[in-house]
Amino acid sequence: MMLAETNSLLSQIGPIALTVAIGMASLCALLPRPKRGPVLLGASLGGVALALAAILLFRVAQVSVEALLFYAFSGLALVAAGVMITHPNPARSALSFAVVVLSTCGLFLLNAAPFVMAGAVIVYAGAIVVTFLFVLMLAQPVATSDADNRSREPVLACVAGFFLLSTLLLTLRQTYDMSDFDGWVTKIDAARQGPPELLWQVLGNEEEFRQSTELLMTRMLGRERAHDIVALVLRKDDLGAPGPDNAADIKKWLDELYLAAFEQREFAQRHLGRLSPPPRDTLSPFAGAPANQPPQPLSADNVAGLGRTLFSDYLLAVELGGTLLLIATIGAIAITQRPNARRAA
Amino acid sequence: MTLHHYLVVGAALFVLGSIGFLTRRNLIVMFLSTEMMLQGIALNLVAFARDRGNLHGQVFTLFIITVAACEAGLALALILVLYRQRRSLDVSLWQDLREAGQDATIDTEPISAPPEEPADPRLLPSGRVPAHKSEDSYV
């Protein structure tokens, strides 16, 4: 079992580490240096990394409008983010950041958050315009400068970024990615629908199927149920090779397996990466289903609920946020005043 | 699209922002990098709000935007003050503030000058000199 767990971990680390390493190599080649690195090579490495990520990490079962928009917005956001941190011209960086914000706002909209989208566009658009003015005001008259054409330790930063991003992606995959398990359940369902003679054509080789099940179950939440499923798969040996005489038994076995897998999926979906909710929810119902009840799909028409929950559950926090804005404004005015101007006044 | 997909994009934006903050030396680009890290976190919270079917994640995101606005104001004010002192946006000019016992970083490699742009072409005077009266205007 230990070996199986190690193998499973290695097979997950492989593609993630490869993708992230290519991405970081591209950043490393593109970051500004006194002698410009190979820009074309860096850009094409970045493109390869994004394509690999799309294939390995973001596998989508079926093409839908949401999937297309997700690919478009997230691809645009990541490309613009790369341009922002690697472009030597700060004005271009500010413009690329605007693209990052707009694409992220598209992702907000895909997540049923229209008010947050509008707020982010307004606040960040203002912030970016001001930043842009600052860039133009403080821009260096010379074409090259220490600030823009040198980076501090680009290689070390990219190595650190590689480890950070790989660890994050591995953790996210182990905690939230159900696509392997979904594929396995779909396979069992297909075998259940088809004739029993074709059982191993659908499920694959008997030994392979057992191994893949054990691998999947080592990652699953709820070890007892997972062990039950493995035991259920092993019980297949008692049934013998599929034929006309034990077709009913095979069918019953598959049904049982499918039911167990479905229950395990529901259980994992409900409990993966979740803290146990409090027994009594003290927040108002305006914000949607309480945490201790099964989640309902979030309606995109939720601005009214957002307003009501802000001014009931989060009233104190809203007041404190307003105070913080006021203090920040006063502070910004105070620290930019020239000392002699203060004396004159 | 599942929660996992959005969390991956959020994590990537966060890490790109942190790399930008660590490597770039222009104060304004460093400030933009921190804003990008905040964008990654906001995306995480909004995706969780949709997954859990309640609005608390969106409320958190609104507060993040509020704090980001305060941060933007103060950061630009600080950048202005720092620029007045040294007449440059290079953060390495402020390395006197480093921890005791750390060596100063000195740039050894010279910056290669950009290639000279060719001067605009000029037409040589040629042909017949046109006959024109001189001082004919009353301006």
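Residue positions are given per chain, counted from 1 along the sequence in the order it is written. Each chain takes a letter, starting from A, and each ligand takes a number, starting from 1, following the order in which they are written. Restriction of local features to residues with pLDDT of at least 70 applies here, the model being predicted, together with a cutoff of 80 or more for giving and counting side-chain atom pairs; totals for whole chains, interfaces and linings are based on all residues. Hydrogens and waters are ignored; side-chain quantities use all the structure's heavy atoms.

Colleague: Would you take a moment to explain the pattern of salt bridges for this structure?
Modeller: Pairs can form between side chains of opposite charge once their charged atoms are near each other. By definition here, a salt bridge exists when the distance from a side-chain nitrogen of Lys or Arg to a carboxyl oxygen of Asp or Glu is within 4 Å. For the structure shown, the criterion picks out six salt bridges over all chains. Note that Arg50(B) and Glu66(A) form a salt bridge whose closest N and O atoms lie 3.1 Å from each other. Pair noted here: Arg50(B) is in helix H2 (residues 27-52) and Glu66(A) is in helix H3 (residues 65-86), and the two residues belong to different chains. Linked by salt bridges that have partners in common, Arg150(A), Arg25(B), Asp90(B) and Asp107(B) make up one network. Secondary structure counts use DSSP, requiring at least four H or I residues in a row for a helix and at least two E residues in a row for a strand, with both numbered from the N terminus.

Colleague: How should unusual backbone geometry be read in this particular structure?
Modeller: Across residues other than glycine, the phi torsion is negative in most instances, and most of the peptide bonds are trans. Residue and element names in this part refer to chain A. With a phi close to 60°, Ala112 is a non-glycine residue in the positive phi region. Within the secondary structure layout, Ala112 lies in the loop between helix H4 (90-110) and helix H5 (114-138). One non-glycine residue, Glu153, lies in the positive phi region at around 45°. Mapping Glu153 onto the fold places it in the loop between helix H6 (146-149) and helix H7 (154-176).

Colleague: Looking at this structure, how should I read the interface of chain B and chain A?
Modeller: Bring the parts together and some accessible area is lost; that lost area is often taken as the interface size. Here, two residues are considered to be in contact whenever any of their heavy atoms come within 4.5 Å of each other. Between chain B and chain A, the contact holds 78 residues from the first and 100 residues from the second. Defined here as a combined quantity, buried area equals the accessible surface (1.4 Å probe) lost by two parts on assembly, summed across both. Between chain B and chain A, the buried area comes to about 7,900 Å², and carbon and sulfur atoms account for 72% of it. Between Lys35(A) and Glu109(B) there is a salt bridge, with the nearest N and O atoms lying 3.7 Å from each other. Whenever two N or O atoms come within 3.5 Å, that pair is a polar contact, provided that in protein one can donate a hydrogen and the other can accept it, and provided that, for residues adjacent in sequence, both atoms are side-chain atoms. Across the contact surface, chain B and chain A share 14 residue pairs in polar contact (both at pLDDT 80 or more). At the level of secondary structure, the elements contributing two or more residues to the side of chain B that touches chain A comprise helix H1 (3-23), H2 and helix H3 (56-86) of chain B. It is H3(B) that provides the largest number of residues to the side of chain B that touches chain A, a total of 24 residues. Ten residues, namely Ala, Val, Leu, Ile, Met, Phe, Trp, Tyr, Cys and Pro, are considered nonpolar, four, namely Asp, Glu, Lys and Arg, are considered charged, and the remaining ones, Gly among them, are considered polar. Of the residues belonging to the side of chain B that touches chain A, the class tally is 50 nonpolar, 18 polar and ten charged.

Colleague: Looking at this structure, how should I read the packing of H2(B) against H3(B)?
Modeller: Residues and elements named next belong to chain B. Helix axes are fitted only over the stretch in contact, all axes being lines through C-alpha atoms; the angle between N-to-C directions runs from 0 to 180 degrees. Relative to each other, H2 and H3 sit at 175°, their axes nearing to 9 Å. Classified by the angle their axes make, H2 and H3 are roughly antiparallel. On H3, the residues touching Leu27, Ile28, Phe31, Thr34, Glu35, Leu38, Ile41, Ala42, Leu45, Val46 and Ala49 of H2 are Gly57, Gln58, Phe60, Thr61, Ile64, Ala68, Glu71, Ala72, Ala75, Leu76, Ile79 and Leu82. Looking at the contact of H2 with H3, its residues break down into 17 nonpolar, four polar and two charged. Roughly parallel covers angles under 35 degrees, roughly antiparallel covers those over 145, roughly perpendicular covers 65 to 115, and oblique covers all other angles.

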